[in-house]
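An overview of the molecular structure
So the chains spell out like this:
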Amino acid sequence: MTYAEVIEHARTCLGTYCKGCPECNGRACRNQIPGPGAKGVGDTAIRNYDKWKEIRINMDTLTAGGPVDTACQLFGRTFRYPFFAGPVGAVNLHYGDKYNDLTYNDVLVTACAEAGIAAFTGDGTNPDVMTSATKVIGQNGGMGIPTVKPWNAETVCDKMNAVRACHAFAAAMDVDAAGLPFLKNMTPPAGNKSMEELRSIITDAGIPFIVKGIMTVKGACKAREAGAAAIVVSNHGGRVLDQCPSTAEVLPEIVAAVGNDMKILVDGGIRSGVDIFKALAIGADAVMIARPFVTAVYGGGEEGVAAYIQKLAAELTDTMSMCGAHSLDEITPDMVRL
Ligand SMILES: Cc1cc2nc3c(=O)[nH]c(=O)nc-3n(C[C@H](O)[C@H](O)[C@H](O)COP(=O)(O)O)c2cc1C
């Protein structure tokens, strides 16, 4: 199955909101929530996408040839590529009922593990989502990252018990989910976390903890002080706050402030292996991609995911080779033009 076939098939079963665009750029679904769009006027997801495209690649083929190694080390594990599938929750609401969160995570986690990368799983008000996600991560040798919403302390504690039991190699929390319209006034409650609350969650976790939803140097420093092993520079694809800067715009200053102390991932509008190369060149250790993995699952199940991963891998390898980078460590800022 080619990636083009995956997209074509996805268009037949994606529900009414996602249009299955050849490259997901935030425009067709703009501010459509429910649906994969963004909050308010809906230009943050578009800006995420556009800013990666403004960065250009400086090719240099007067370098030694030879094989290109895309392996990425994180928290003592080696992954085949420096990209991960991002967490997406309530897929049936946003993308149609061909899948629900349980069946979606089953396909995504398994297909990613088979391809040598990990999937982040989302969380929801239905407790079965976390139970099922941790089960499939356990079945795949802990190859997956459950992403817990910023619930109240008791609920986080229950969910973290499930995370530890499945031997996931890391856990994450999308702290920016405090801004999700559907989480407001819910039971259990979810919302902002003070640094003390975050520190206590991270200490109790006992495994590498990733704070997702950091957009400022100030936020990154707080996550570091609370004990996070990594952050994801992310604005939740524009879904939690209107009029944010893009992640590509803020990444360099965050890398300069905390890049020596913790791992830095980034997401938002990253769509190709070329975009992944750019993110690594400006300082990310790895990237996450969310919406296109949904299209891949809807369009081709495990085979669809494998096809998308192959496409990303081929593009990344080609770009590295064209710039003379034989390993991720050899990708340097001078290889891109800002
Ligand atoms: C429909 C939808 C549901 C999402 N659900 C979650 C979630 O449950 N947890 C989470 O951390 N992020 C969630 N996200 C945010 C993504 O993980 C990611 O941060 C964002 O979409 C930006 O990446 P992208 O441009 O590659 O999609 C969701 C995004 C979408 C579009």
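Here we summarise the structure given alongside this text. (Residues numbered from 1 in each chain as written. Predicted model: local features only at pLDDT ≥ 70, side-chain atom pairs only at ≥ 80, totals over all residues. Heavy atoms only, no water.)

**Considering unusual backbone geometry**
With an omega dihedral of 0°, the bond running from Ile 33 to Pro 34 counts as a cis peptide bond. Mapping Pro 34 onto the fold places it in the loop between helix 1 (3-10) and helix 2 (44-54). Not every positive phi belongs to a glycine, and Ala 90 is a case in point at roughly 55°. Located in the positive-phi region is His 236, a residue other than glycine, with phi close to 60°. Mapping His 236 onto the fold places it in the loop between strand 9 (230-233) and helix 9 (247-258). Residue classification places His 236 among the buried positions, given a relative accessible area of 14%. (Helix = DSSP H or I, 4+ residues; strand = E, 2+ residues; numbered from the N terminus. Buried < 20%, exposed > 50% of the residue type's maximum accessible area, 1.4 Å probe, protein only.)

**Section: the pattern of salt bridges**
Applying the stated criterion across every chain, the model contains ten salt bridges. With a closest N to O distance of 3.7 Å, Lys 53 and Glu 23 form a salt bridge. You can see Lys 53 sitting in helix 2 and its partner Glu 23 sitting in the loop between helix 1 and helix 2, a full 30 residues away along the chain. With a shortest N-O distance of 2.9 Å, Glu 315 and Lys 311 are connected by a salt bridge. Remark: Lys 311 and Glu 315 occur in helix 11 (residues 291-323); sequence separation between them is four residues, near one turn of the helix. Note on Lys 311: relative accessible area 22%, which makes it partly exposed. Taken together, the salt bridges that share partners define one network made up of Glu 23, Lys 53, Asp 275 and Lys 278. (Salt bridge = Lys/Arg side-chain N within 4 Å of Asp/Glu carboxyl O.)

**Quick look at the packing of aromatic side chains**
Scanning the model with the defined rule gives eight aromatic pairs in all. Plain terms: the ring middles of Phe 79 and Phe 169 are 5.2 Å apart, the flat faces sit at 45° to each other, and that makes the pair tilted. With Phe 79 in strand 3 (residues 77-79) and Phe 169 in the loop between helix 6 (153-165) and strand 7 (171-174), the pair connects residues that are 90 residues apart, well separated along the chain. Residue Phe 79 is classed as buried on the basis of its relative accessible area of 1%. Aromatic ring contacts, followed pair by pair, group Phe 79, Phe 84, Phe 120 and Phe 169 into a single cluster. (Phe/Tyr/Trp six-rings, centres within 6.5 Å; stacked < 30°, edge-to-face > 60°.)

Take it as geometry only, folks, not as evidence of what the structure does.
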